[in-house]
Structures are given as C-alpha cells and as structure tokens.
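Chain residues, written in single-letter form:
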Amino acid sequence: MLRRRLSSLLLRSPCSSAVASSIQQQHHLLLPTHAEKPPALNLLRLFTSLAGTDGDRPFIAFVLGGPGSGKGTQCSRIASDFGFSHVSAGDLLRNEISAGTDQGEWILEIIREGRIVPSEITVELVRKAIESSTAKRVLIDGFPRCEENRIAFEKITGTEPDLVLFFDCPEDEMVKRLLSRNQGRVDDNIETIKKRLKVFESLNLPVVEYYSSRGKAHKINATGTEDEIFEAVRKLFSSLRL
Ligand SMILES: Nc1ncnc2c1ncn2[C@@H]1O[C@H](COP(=O)(O)OP(=O)(O)OP(=O)(O)O)[C@@H](O)[C@H]1O
Ligand SMILES: O=c1ccn([C@@H]2O[C@H](COP(=O)(O)O)[C@@H](O)[C@H]2O)c(=O)[nH]1
Ligand SMILES: [Mg+2]
C-alpha cells in the first residue's frame, strides 16, 4: 500500500505534452489531489528496490523496437536459448484487460488508441513480474515506452537495465507484419498502427538514444528472416558474460 502510494507521488507527469492532456483528463482520479512532497529517494528505495540490493537482482535486458519489429518473436527465442524469463509489458497490460477490472477497461481504450499507459500502472506490473520471477536473467519486452517510463522505473526500482536491445526495422515492413499478424489484437488495424508508429518515433526512440549515450544499447537489424535476425541476436548474447 505504502509502496503504491509512494509510487504514485513520484509519477505525476504523463509521457509527453502530446499525450498528456487526454491521459490526464481520463486519469486524474489516480493522481494525488494535494501537494505532498515526494519522500527522499533513498527512503523510497528502502521500500522498493528490486530484491534488496543491486547485487541480488537478475540481469535485466530491455527489448525495444517499433510495433511489429519482432520483439516478441525474438524474445521467445532468447528466452529458450539463453535461459531468460520473458516479461512483455504489453502482455501484462492485456492480462489486466482480460481480468475484467475497471482499470482493464481504461487500459483497453489507451491501447486501442495507440497511446501509452501511465507509469504508475506499468512500472508496478513490470516490477512485480521481475520480483516474482526466479530466473537470473529477465527480458523486459516493450518497456520503457517513453522517457517518463524510464525515469519512473529507475527511481522506483533503484536499478538500471544491464543491456538494451533495439530492433531496427523500416516502417513499411513493420506495417506489413502487423497487418498480417492475425492474433485478434485491437491495435492491429491501420489507424492504430499509424498512431503507434508516431508514438514510437517521438517517445520511444529517445529512450533508445538515452541508453545509446550510456553505451548500453545494441542495435540489431530487424529485417530478413526470423532466423537471420536471431543469428545476430545469438552472437550478441553469446558474447555476454552471463
Ligand atoms: N523476421 C520476420 N519476418 C517476417 N515476419 C516476422 C518476422 N519476425 C516476426 N514476424 C511476424 O511479425 C509479426 C509481429 O512480430 P512480433 O509480434 O514479434 O512483433 P513485436 O515487436 O512484438 O510487435 P508489438 O510491438 O506490436 O508487440 C508477427 O506476426 C510475427 O510472426
Ligand atoms: O510499457 C508499455 C507497453 C505497452 N503499452 C501499450 O500496449 C500496447 C501494446 O504493446 P506491445 O508491446 O506492442 O504489445 C502499446 O501500443 C501501448 O498502448 C504501454 O502503454 N506501455
Ligand atoms: Mg510484442
């Protein structure tokens, strides 16, 4: 409870002014109504660090890339060949929808519109998934989606990813893949795909750039067959001392 409240105090600003107004309009009830000062960061960490100290936590890889770039496909293969647990932020949100809660209904609308779910929801879901995993290596697929997500994750968990994988794919190829994915996703239609591509470029790419500037991001050419792409991925993971 306290953890949840501390998290919400830190996470007042949505991902960008472009998406801020509608999210804030719909989401104002989740935000604190009075001006409390966030507690000092080290106090916050006392309650929220992932599995105690940095040393105890698993190896964390963020897997980023545009919609349809093949993140989920490649994550499944990395998980089975390199012993990673695969945490898909999108799947965690879709589980909330399937659970049929009020929060789920609201998340469904955000996904249908190709927007980003506020950090107070996603960071909690991702943090819990990491904490409940017994694996020593975890792939976080499709998160963080924007700088605000990234900053929130790092503050709330007191940790940074060890590695960031970026699947680089041309837009026309991503659109083609999404339109033939055929998994009944509410966001696999051309109107939503166009919005997701815009959100990817304006909000998600800056996260990749941030981690590139810190020497953590590895770009993989995501064109070609699944096998060809996995060969490049395999080389990278084989070179890591895991
Ligand atoms: N190299 C590839 N060539 C052709 N099709 C591919 C390739 N990799 C994945 N696909 C197919 O493209 C579709 C999108 O792939 P996937 O679901 O892995 O992408 P994603 O990055 O996770 O997308 P999203 O962000 O929407 O979840 C799937 O139907 C998948 O089978
Ligand atoms: O961290 C996240 C991850 C996902 N979303 C929303 O879900 C959809 C689908 O995500 P996929 O990773 O493509 O499965 C995405 O377009 C967002 O609307 C999110 O808000 N935050
Ligand atoms: Mg996916």
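Nothing here was measured: the structure is a model prediction, and the numbers come from that model. (Residues numbered from 1 in each chain as written. Chains lettered and ligands numbered in written order. Predicted model: local features only at pLDDT ≥ 70, side-chain atom pairs only at ≥ 80, totals over all residues. Heavy atoms only, no water.)

All right, on to the site of ligand 2 then. Lining the immediate environment of ligand 2, one finds 15 residues, of which Arg-94, Arg-115, Val-117, Arg-145 and Arg-185 sit closest. The separation between an oxygen atom of ligand 2 and a polar main-chain atom of Val-117 is 2.7 Å. One of the side-chain N or O atoms of Arg-145 is found 2.9 Å from an oxygen atom in ligand 2. Here ligand 2 has 460 Å² of accessible area as a free molecule, and 96% of this is covered by the chains. Among the elements that make up the shell around ligand 2, the one with the highest residue count is helix 5 (residues 89–98) (four residues). Across the shell around ligand 2, the residue classes tally to six nonpolar, three polar and six charged. (Near = heavy atom within 4 Å. Polar contact = N/O pair within 3.5 Å; in protein donor to acceptor, adjacent residues only side chain to side chain. Areas by Shrake-Rupley, 256 points an atom, 1.4 Å probe, with all protein chains shown as cover. Helix = DSSP H or I, 4+ residues; strand = E, 2+ residues; numbered from the N terminus. Nonpolar A, V, L, I, M, F, W, Y, C, P; charged D, E, K, R; others polar.)

One recurring pattern in soluble globular proteins: nonpolar side chains tend to sit buried together. Phe-62, Val-126, Ile-140 and Phe-143 are the most contacted members of the largest nonpolar core, which totals 30 residues. Counting only elements with at least two residues in this core, the list comes to strand 1 (59–65), helix 5, helix 6 (102–112), helix 7 (119–132), strand 3 (137–141), helix 8 (147–157), strand 4 (163–168) and helix 10 (190–213). Apart from the residues within four sequence positions on either side, Phe-143 is in contact with Phe-62, Val-63, Leu-64, Ala-89, Thr-122, Val-123, Val-126, Asn-149 and Phe-153. Within the second largest apolar cluster, 24 residues are counted, among which are Phe-59, Phe-167, Leu-236 and Phe-237. (Core = buried A, V, L, I, M, F, W, Y, C linked by side-chain atoms within 4.5 Å. Buried < 20%, exposed > 50% of the residue type's maximum accessible area, 1.4 Å probe, protein only. Contact = heavy atoms within 4.5 Å.)

A word on the pairing of strand 1. For strand 1, a buried count of seven out of seven residues is recorded, marking the element as mostly surrounded by other parts of the structure. Burial along strand 1 is two-sided: the residues Phe-59, Ala-61, Val-63 and Gly-65 and Ile-60, Phe-62 and Leu-64 are all buried. Bridging between strand 1 and strand 3 involves five bridges; their strand directions are parallel. Bridging from a neighbouring strand, Phe-62 pairs with Ile-140 of strand 3. Taken together, the five bridges between strand 1 and strand 4 define a ladder with parallel strand orientation. (Pairing = 2+ DSSP bridges.)

We now examine the pattern of salt bridges. Any two side chains of opposite charge can pair, so long as their charged atoms come close to each other. Taken as a whole, this structure holds 20 salt bridges when the rule is applied. The partner of Lys-216 in a salt bridge is Glu-160, and the shortest N-O contact between them spans 3.0 Å. Taken together, the residues span a long stretch of sequence, with Lys-216 in the loop between helix 10 and strand 5 (217–221) and Glu-160 in the loop between helix 8 and strand 4 at a distance of 56 residues. A salt bridge links Glu-231 to Arg-234; the nearest nitrogen and oxygen atoms lie 3.3 Å apart. (Salt bridge = Lys/Arg side-chain N within 4 Å of Asp/Glu carboxyl O.)

Around ligand 1 sit 17 residues, and of these Lys-71, Thr-73, Arg-181, Arg-196 and Gly-224 come closest. The separation between an oxygen atom of ligand 1 and a polar main-chain atom of Gly-68 is 3.0 Å. In this structure, an oxygen atom belonging to ligand 1 sits 2.5 Å away from a side-chain N or O atom of Thr-73. Protein burial of ligand 1: of its 630 Å² of free accessible surface, 79% is covered by the chains. Top contributing element to the shell around ligand 1 by residue count: helix 4 (residues 71–82), with three residues.

Next up on the list: unusual backbone geometry. Residue Pro-144 is reached from Phe-143 by a cis peptide bond, and omega for that bond is 0 degrees. Position of Pro-144 among the secondary structure elements: in the loop between strand 3 and helix 8. At Asn-182, a residue that is not glycine, the phi angle is positive and equals roughly 60 degrees. Here Asn-182 lies in the loop between helix 9 (171–179) and helix 10. For Asn-182, a relative accessible area of 75% corresponds to the exposed category.

The subject of this paragraph is the sheet that holds strand 2 (residues 85–88). Strand pairing in a sheet is mediated by backbone hydrogen bonds. Such pairs are either parallel or antiparallel. If you walk across this open sheet you meet the five strands as 2-3-1-4-5, and the pairing is parallel. Among the strands making up the open sheet, the edge pair consists of strand 2 and strand 5. Across the sheet, the mean angle from the axis of one strand to that of its neighbour is 25 degrees, orientation sign disregarded. In the packing of helix 5 onto the sheet, the strands contacted are strand 2 and strand 3, and the crossing angle to strand 2 comes to about 60 degrees. Here helix 10 sits on the sheet and contacts strand 1, strand 4 and strand 5; the angle it forms with strand 1, its principal contact strand, is near 140 degrees. (Axes fitted to C-alpha atoms, helices over the stretch in contact; angles between N-to-C directions.)

With that settled, consider helix 6. What helix 6 keeps buried is the set Gly-104, Trp-106, Ile-107, Ile-110 and Ile-111. Relative to the axis of helix 6, the buried residues are bounded by an arc of 165 degrees and lie together on one face. Opposite the buried face of helix 6, at more than 90 degrees from it, the exposed residues are Asp-102 and Glu-105. (Arc of directions from axis to C-beta.)

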